[in-house]
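Here is how the chains run, residue by residue.
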Amino acid sequence: FLAAHNHRKLGNTASATIHLQKCAEIRASSVDPLIDLSFLMIDAGKYKEAFAYAQKVVNMDSKNAVGYYLLGLSYYKQGAFWGAKEYLEKAISFDPEMYMAWNTQGLVLMAIKKYPDANTAFSAAHAMCPDTAEIISNLAVSYAKMGNAAEAQKAADKAAALAPSNQQIQKNKEIISKMKKS
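Residues numbered from 1 in each chain as written. Predicted model: local features only at pLDDT ≥ 70, side-chain atom pairs only at ≥ 80, totals over all residues. Heavy atoms only, no water.

Caption draft 1: Structural detail: the overall build of the protein chain. In terms of regular secondary structure, the protein chain is built from eleven helices and zero strands. Seen in sequence order, the protein chain has helices and strands lined up from the N terminus as α-α-α-α-α-α-α-α-α-α-α. Within the protein chain, the proportion of its 182 residues that are buried is 43%. For the protein chain, restricting intrachain contacts to residue pairs at least 6 apart in sequence, the fraction spanning at least 24 positions comes to 46%. Only carbon and sulfur atoms are counted for the fraction: they give 53% of the accessible area of the protein chain, which is about 9,600 Å². (Helix = DSSP H or I, 4+ residues; strand = E, 2+ residues; numbered from the N terminus. Buried < 20%, exposed > 50% of the residue type's maximum accessible area, 1.4 Å probe, protein only. Contact = heavy atoms within 4.5 Å. Areas by Shrake-Rupley, 256 points an atom, 1.4 Å probe, with all protein chains shown as cover.)

Caption draft 2: Here's a closer look at the nonpolar core. Leu34, Tyr69, Leu70, Leu71 and Ala101 are the most contacted members of the largest nonpolar core, which totals 27 residues. Elements represented by at least two residues in this core include exactly helix H3 (32-43), helix H4 (47-60), helix H5 (65-78), helix H6 (81-94) and helix H7 (99-111). In this structure, leucine 34 is in contact with Ala24, Tyr53, Lys56, Val57 and Met60, ignoring residues within four places of it in sequence. Core analysis: the next-biggest nonpolar cluster, separate from the first, contains 21 residues, Phe122, Tyr143, Ala144 and Ala156 among them. (Core = buried A, V, L, I, M, F, W, Y, C linked by side-chain atoms within 4.5 Å.)

Caption draft 3: Highlighting the environment of valine 66. Along the chain, the position of valine 66 falls in helix H5. A C-alpha to C-alpha distance of 9.6 Å links valine 66 and methionine 100, two positions 34 residues apart in sequence. For valine 66, the contacting residues outside a window of four places in its chain are Ile35, Phe39 and Met98.

Caption draft 4: Region of the structure containing the packing of H4 against H5. Where H4 contacts H5, the two axes come as close as 8 Å, and the packing angle between them is 160°. Taken as axis vectors, H4 and H5 run roughly antiparallel relative to one another. For the pair H4 and H5, the sense of crossing is left-handed. On H5, the residues touching Tyr47, Lys48, Ala50, Phe51, Ala54, Gln55, Val57 and Val58 of H4 are Gly67, Tyr68, Leu70, Leu71, Ser74, Tyr75, Lys77 and Gln78. Its residues assigned to classes, the contact of H4 with H5 comprises ten nonpolar, four polar and two charged. (Axes fitted to C-alpha atoms, helices over the stretch in contact; angles between N-to-C directions. Parallel < 35°, antiparallel > 145°, perpendicular 65-115°, else oblique. Left-handed = near helix turned anticlockwise from the far one by under 90°. Nonpolar A, V, L, I, M, F, W, Y, C, P; charged D, E, K, R; others polar.)

Caption draft 5: View of the packing of aromatic side chains. By the definition in use, this model includes seven aromatic pairs. Note on phenylalanine 39 and tyrosine 69: the rings are 6.4 Å apart at their centroids and 45° apart in plane angle, and the pair reads as tilted. With phenylalanine 39 in helix H3 and tyrosine 69 in helix H5, the pair connects residues that are 30 residues apart, well separated along the chain. Their ring planes at 65° and their centres at 5.6 Å tell us that tyrosine 75 and tyrosine 87 sit as a pair that is edge-to-face. Taken together, the residues span a long stretch of sequence, with tyrosine 75 in helix H5 and tyrosine 87 in helix H6 at a distance of twelve residues. Note on tyrosine 75: relative accessible area 26%, which makes it partly exposed. Judged by its relative accessible area of 22%, tyrosine 87 falls in the partly exposed class. Here the aromatic residues Phe51, Tyr68, Tyr75, Tyr87 and Phe94 are joined through ring pairs into a cluster of three or more. (Phe/Tyr/Trp six-rings, centres within 6.5 Å; stacked < 30°, edge-to-face > 60°.)

Caption draft 6: A look at the pattern of salt bridges. Applying the stated criterion to the full structure yields three salt bridges. Two residues, aspartate 157 and lysine 173, come together in a salt bridge whose shortest N-O distance is 3.7 Å. Of this pair, aspartate 157 sits in helix H10 (residues 149-162) while lysine 173 sits in helix H11 (residues 167-181); the two residues are 16 residues apart in sequence, bridging distant segments of the chain. For aspartate 157, a relative accessible area of 33% translates into the label partly exposed. Owing to a relative accessible area of 28%, lysine 173 belongs among the partly exposed residues under this scheme. (Salt bridge = Lys/Arg side-chain N within 4 Å of Asp/Glu carboxyl O.)

Listed below in structure tokens is the structure:
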């Protein structure tokens, strides 16, 4: 297990995958290597493979919130937003404090243009992780999409201050600042 994580940190996805697959064989009753394989595949942009590993997780443990989160994240990354929404709702129902699921659910809801619902999801994620720049930036964008320029600007400024080197967050702040001036 440790070898797989070391290979992952070094960016050697192929070796990490092999080690995790061996772990999954050795610890056939554990979902942990499958969860790690799914995350690894998502990081590698192999969303269908990630989905397959996550599906094995929920087949082994039908109440595994992380497994459903990974199914939802895989679908989201493939642009299958309605499927992603369903899986993320299930993840949240099993672990209402999983801020990652709330944040991804917000992204899904933004993609299907349900901005008030997205804002609610981002607000839930923000309540759990109040100093996470990405979540705050997503919250800012949702405020902007709902036409609340003042709250959008406030959140965008906070996110930008927390992550001054994050280009996407800085870009969101610029867009929101221009919207406010219009």
